[in-house]
Amino acid sequence: MSVMKLNVIDLEKSEYTGGKSSLCPGCGHDQISKIIIQAAWENGISPEGIAKMSGIGCSSKTPAYFLGKSHGFNTVHGRMPSVTTGASMANKSLSFIAVSGDGDTASIGIGQFIHAIRRNLDMVYIIENNGVYGLTKGQYSATVEKGSKKKKGTMNEQPPIDLCAMAINLGCSFVARSFSGSKKQLTALIRAAMGHRGMAVIDVISPCVTFANNDESYKSYNYVKENDEVLHMLDYIPHFTPIEEVDIPEGEYDDIQMFDGSTLRLETVGDDHDPSDAVSALSAIHHAEKENKHVTGLLYYDDSMQTADEELGLTETPLSALSEAELRPSEAELASINAAFRGA
Amino acid sequence: MEKQETMERICNDFTINIATANGTGSQSANLIVLNSMFQMGVPVSGKNLFPSNISGLPTWFIIRASDRGYQAPGDKAHIQVLMNKDTWQKDLAGLESGTVVIYNEDVKLPVDRDDCPSFGMPMTKMARGINPKLARLMCNMYYVGALAHLLDIDDAAISNALERQFKGKEKAIELNLRAIGEGRTYAEENWEGGIPYCVEARDKNPDAFLVEGNEAVALGSIFGGINMLSWYPITPSSSLAESIIEWLPKLREGDDGGATCAVIQAEDELAAAGMVIGAGWAGGRGMTCTSGPGISLMSEFIGLAYFAEVPGVIWDVNRVGPSTGLPTRTQQGDLSMLYEASHGDTQHIVLIPGTVDECFEYGWRAFDYAERFQTIVFGFSDLDLGMNRWSTAGFQYPDSPMDRGKVLRTQDELDAVANYGRYRDVDGDGIPYRTLPGSGLDPVLYRGTGHDEDGVYSEDPDVYYATVSRLRRKIDGARDLLPAPVVREEEEQQIGVIYYGSVENSITEIDDMLESTGLSVSTCRVRALPYHSEVEGFIERHDKVIVLEINRDGQLYGILRKELPVDLLPRLHSVAYTDGIPPRARVYADKILEVLEVTA
Ligand SMILES: Cc1ncc(C[n+]2csc(CCOP(=O)(O)OP(=O)(O)O)c2C)c(N)n1
Ligand code: SF4
Ligand SMILES: [Mg+2]
């Protein structure tokens, strides 16, 4: 009998899987789903405490393919952030893991994306970014780079919207970029994002094998592999692993503490990047863009911001769990309101 | 000055029209006139006809005093107050002979109506004497004094109304009281000849007070346990949200001092609707309020909530459309949009209050219906009901505990439902059970795409048809559980008038006008959609039924025509009219008479 591997809350990985994917074989999005499953399992989060959120698109279908033991909501195109906002207000104890596409986020949903960041909604917001609208058969999205070309059609001439640069400018508390093919880096980032309190945006380049995986597409597998500028090597140390027991890296490194007590360890490769410095993050993005490269890793991090529910001063109990006695003021209170109106 | 012996005295039966410019503080003066009469027990109503502008454009305030309880703006003004130079000539020209004119002499425009008794006062100059900086605001208080003198309004009632208006602001109370007093004295000393109109104190119901419909809905929703308010400002709904925000800290603090309702000013109405649905999905009571343009934006989400079966409450305080329309005027032009909002086949529950008491009641009940039927419930109000002040004898405490609907919160509850599936009609009423995120109980991915009884994606034709048929059955089943119509029935069942919402404020007068022609008229006020079976009964019992509403196309008429048995249709006639002004009884009564004549 083989021994099943269990996580820290004694669950098998199968407790974190979902239904069978109906995406094109090889689609980057499926890689990301696998990594989400892995990250949630390794972090030992209870699946019932997770809420999966998405908009519309191939990417937004994926909540059906991971975390089958969690409730989820596949909402409407571009408007997942508002549904998440309402749900988070009603039950702030839920851990929100949201998936969106580049069309979903950078075009139709750009307003809601911006405002969810402004409110520092407590959620993990993963953009599965392929530069095209996969589900509607491959039109360019607003994140496609100038000079990039998809399989069919002409080269894109318009400048891209860089969602990470935008998030940093908006003061997002956790901003990272990664690649669906970088399993180790992405796993560490998603695990850290789950341990973060506040809005964690991870823009994941996720090739669309059907419409934009040709070498002239800057978001194809081959192109990204060759043009990935890694900011640092990442290691994630969960809160339940004593950090003393983790091997100390040979070179320089920085440890970043997450809200849940876990640590994201950034090991320096090449130039040192300080994720608390927004200007240096923006400059790294800018330089990479000029050279048609992708800069990946933890770009920006700020743990000092209030989350939306903190700012509103919500009561401790999730609002959806309050009793009638807590929700309906008394008859005496209504009587005194009536009396006040009467001028008594 | 003595009232002339020979003059016929007309007490508590007249209309005052006060013409001012927006943003000049006239609203305070107008409300003091209204409230002081109300304090004397005079049945009054006040309508604010204001522009879409912060300062400078013309505004009219219409006060109707009527012992018969008529609340519609009268067909004509008996007393005209002129303060605004921009509308001066036109207002004057429109007056009937004999209308009393009170005017601010300092506007320096002629009052060339010899056929109208006219009374001038240097209001601005006198106000400057009290405080030059505040003269523009305070000059309005002089017409309050003038009206107090001409109509015999009690000093005590004036002071009482003034104190209510400037709650605790001693300085303002003192200055304005002085201005009103000066106005009264000036009128006494300088104006010759009286006017026929006067107010006479009546036994006031000591419980009665005036309140705006929006504030009533706001309080109702707080007593309904609202957990999340998302909103995007739009006239005439903003004051509903602002009222909730104002009352929440007093009424809804948690044990630890934290808030039990989250308030979010959304980035737009799309987001506001999304937040309502998110809150409802997670087990909270979410609500937003808006007006027609906001509903248009929310439509996609409304369809999602209908199909994925998520509770939520949306209040539409109707203003005049289409498009930006007349944004500060009133209409019932959104009814059919609400009833079938969103693409595909949809149908929504719409609660239609016609009084401020019902605004409060439906404010809390809306949540119960939303959770019971797992769908969006609309509250349908309008600018007239929402932003004008109406009388109530006091709000009634909810007479039933909260209905949280078919939510399974524990494993035992889940196990007790045989053959549970998120969208399975276990009880035969079309309403399935649900579990909440975070519970770990039978998790499902909610979606706007086709789904089977277990919530699993499906494009199967039979599954799709079964789902939409059940949804239809579910909402249809709400009919007789929603508020029944209010029926006032004559013995001779000749003419029936079906109406709804704020038409309530004009119906008594319309009814009296029709009956004065010898007709026997019964009325039926519809208070919810889908309409109650008693509405059909009412139509069956009357030879001819008029559907009366404040829109162009006869929207309720259209809904009735679509859903009533065909044999009843020949009895049904539409009278629909809209011009932005709250319904004047004469206009609507004449239109009804025309239709009756044509179809005689
Ligand atoms: C309101 C609305 N408009 C348009 C669509 C059609 N639509 C579905 S998915 C999609 C684009 C998805 O692109 P993206 O978010 O990048 O996801 P991908 O499929 O590339 O993963 C569009 C335009 C829709 N579902 N809803
Ligand atoms: S079309 Fe592109 S994005 Fe959609 S599933 Fe296929 S490969 Fe993935
Ligand atoms: Mg895409």
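The rules behind each value
- Numbering of residues starts from 1 in every chain and runs along the sequence as written.
- The lettering of chains begins at A and the numbering of ligands begins at 1, in the order of writing.
- Restriction of local features to residues with pLDDT of at least 70 applies here, the model being predicted, together with a cutoff of 80 or more for giving and counting side-chain atom pairs; totals for whole chains, interfaces and linings are based on all residues.
- Calculated side-chain values reflect all of the structure's heavy atoms, with hydrogen atoms and water omitted.
- Each helix is a run of H or I in the DSSP string that is no shorter than four residues. Each strand is a run of E no shorter than two, and both are numbered from the N terminus.
- Only C-alpha atoms enter the radius of gyration, while the globule expectation follows 2.2 Å times N to the 0.38, with N the number of residues.
- Exposure categories follow from relative accessible area, calculated using a 1.4 Å probe and restricted to protein chains: below 20% of the type maximum is buried, above 50% is exposed, and the middle band is partly exposed.
- Contacts are assigned to residue pairs with any non-hydrogen atoms lying within 4.5 Å of each other.
- Only the protein chains shown count as cover for residues, and the accessible areas themselves come from Shrake-Rupley with a 1.4 Å probe.
- Neither His nor the chain ends is counted toward charge; the positive residues are Lys and Arg and the negative residues Asp and Glu.
- Just so you know, the charge point we use is NZ for Lys, CZ for Arg, CG for Asp and CD for Glu.
- Summary of the distance rule: residues count as near a molecule or strand when at least one heavy atom falls within 4 Å of that molecule or strand.
- Definition of a polar contact: a pair of N or O atoms within 3.5 Å, with one able to donate and the other able to accept a hydrogen when the atoms are protein atoms, and with sequence-neighbouring residues admitted only if both atoms are side-chain atoms.
- Within this analysis, patches are made of residues with over 30% relative accessible area and no salt bridge. Like charges are joined at 9 Å or less; nonpolar side chains (Val, Leu, Ile, Met, Phe, Trp, Tyr) at 5 Å or less.
- Salt bridge, as applied in this entry: a Lys or Arg side-chain nitrogen positioned within 4 Å of an Asp or Glu carboxyl oxygen.
- Pairing between strands is defined by DSSP: at least two bridges between the two strands are required.
- Two aromatic rings from Phe, Tyr or Trp, using only the six-membered ring of Trp, form a pair when their centres are within 6.5 Å; if the ring planes differ by under 30 degrees the pair is stacked, by over 60 it is edge-to-face, and anything between is tilted.
- Both a distance and an angle decide whether a charge sits over a ring: NZ of Lys or CZ of Arg must be within 6 Å of the ring centre and within 35 degrees of the ring normal.
- In a helix, the anticipated span is given by 1.5 Å times the number of residues less one.
- Take the accessible area each of two parts loses on contact, using a 1.4 Å probe, and add the two losses: that sum is the buried area.

Participant: Can you explain the overall build of chain A? Please cite residues and give values.
Facilitator: Across its full length, chain A carries twelve helices and 13 strands. Its C-alpha atoms give chain A a radius of gyration of 22 Å, within 12% of the compact-globule value 20 Å for 344 residues. With the principal axes as the frame, chain A shows a C-alpha extent of 75 × 50 × 50 Å. Looking at the 344 residues of chain A, the share that counts as buried comes to 56%. Taking as baseline every contact in chain A between residues at least 6 positions apart, the subset at least 24 positions apart corresponds to 71%. A total of about 13,900 Å² of accessible surface is found on chain A, and carbon and sulfur atoms cover 52% of it. Within chain A, the 45 negative side-chain charges are centred at a point lying 11 Å from the centre of the 29 positive side-chain charges.

Participant: Explain the site of ligand 1 to me, and be specific about the residues and the numbers.
Facilitator: Around ligand 1 sit 18 residues, and of these Ser 59, Asp 102, Gly 103, Asp 104 and Gly 134 of chain A come closest. Taken together, the residues near ligand 1 originate from chains A and B. His 29 of chain A is positioned such that a nitrogen or oxygen atom in its side chain is 2.9 Å from an oxygen atom of ligand 1. Residue Asn 130 of chain A places a side-chain N or O atom 3.1 Å away from an oxygen atom belonging to ligand 1. Mapped onto the shell around ligand 1, the elements with two or more residues apiece are α2 (58-61), α4 (102-108) and β5 (132-133) of chain A.

Participant: A description of a negative patch on the surface should follow, citing residues and the corresponding values.
Facilitator: Together, Glu 252, Asp 254, Asp 271, Asp 272, Asp 274 and Asp 277 of chain A make up a negatively charged patch on the protein surface. With respect to the helices and strands, the residue Asp 274 of chain A is situated in the loop between β12 (263-268) and α9 (278-290).

Participant: Tell me about the pairing of strand β4 (residues 58-66) of chain B, and please be specific about residues and values.
Facilitator: Residues and elements named next belong to chain B. In terms of burial, β4 is largely enclosed, as seven of its nine residues are buried. Here nine bridges tie strand β2 (residues 13-21) to β4, and the two strands are oriented antiparallel to one another. Paired with Thr 20 across the bridge in β4 is Thr 59. When strand β3 (residues 44-49) meets β4, the two strands line up antiparallel, connected through six bridges.

Participant: Can you tell me about the packing of aromatic side chains, naming the residues and giving the values?
Facilitator: Summed over the entire model, instances satisfying the criterion amount to 19 aromatic pairs over all chains. Ring centres 4.6 Å apart and planes at 10° place the aromatic pair Tyr 218 of chain A and Tyr 223 of chain A in the stacked group. Take Tyr 218 of chain A and Tyr 223 of chain A: they sit in the same class, and that class is buried. Look at Phe 341 of chain A and Phe 395 of chain B: their rings are 6.2 Å apart centre to centre, the planes differ by 85°, and that puts the pair in the edge-to-face class. Of this pair, Phe 341 of chain A sits in helix α12 (residues 331-342) while Phe 395 of chain B sits in the loop between β16 (389-392) and β17 (407-408), placing the two residues on different chains. Exposure remark for Phe 395 of chain B: the relative accessible area of 4% places this residue in the buried category. Across the ring face of Phe 66 of chain A, the terminal group of Lys 52 of chain A is positioned such that the distance to the ring centre comes to 6.0 Å.

Participant: Tell me about helix α1 (residues 26-39) of chain B, residues and numbers included.
Facilitator: All names here are of chain B. With 14 residues, α1 ought to run about 20 Å at 1.5 Å a step, and its terminal C-alpha atoms sit 20 Å apart, in line with that. The buried fraction of α1 is high, at 13 of 14 residues. Residue Gly 41 follows α1 closely and has a positive phi angle near 85°.

Participant: Residues and numbers for the interface of chain A and chain B, please.
Facilitator: Taken together, the 52 residues of chain A in the interface contact 74 residues of chain B. Between chain A and chain B lies a buried interface of about 5,000 Å² when both sides are counted; carbon and sulfur atoms form 63% of it. Ranking the residues of chain A by area buried against chain B places His 71, Arg 328 and Phe 341 of chain A at the top, with a combined share of 17%. Here chain A is connected to chain B by three salt bridges. We note a salt bridge from Asp 207 of chain B to Arg 342 of chain A, for which the minimum N-O separation is 3.8 Å. For the pair chain A and chain B, the interface holds 22 residue pairs in polar contact (both at pLDDT 80 or more). Secondary structure elements with two or more residues in the side of chain A that touches chain B: β1 (50-54), β2 (71-74), α3 (80-90), α5 (110-118), α11 (324-327) and α12 of chain A.

By themselves, these observations are geometric and do not establish any function.
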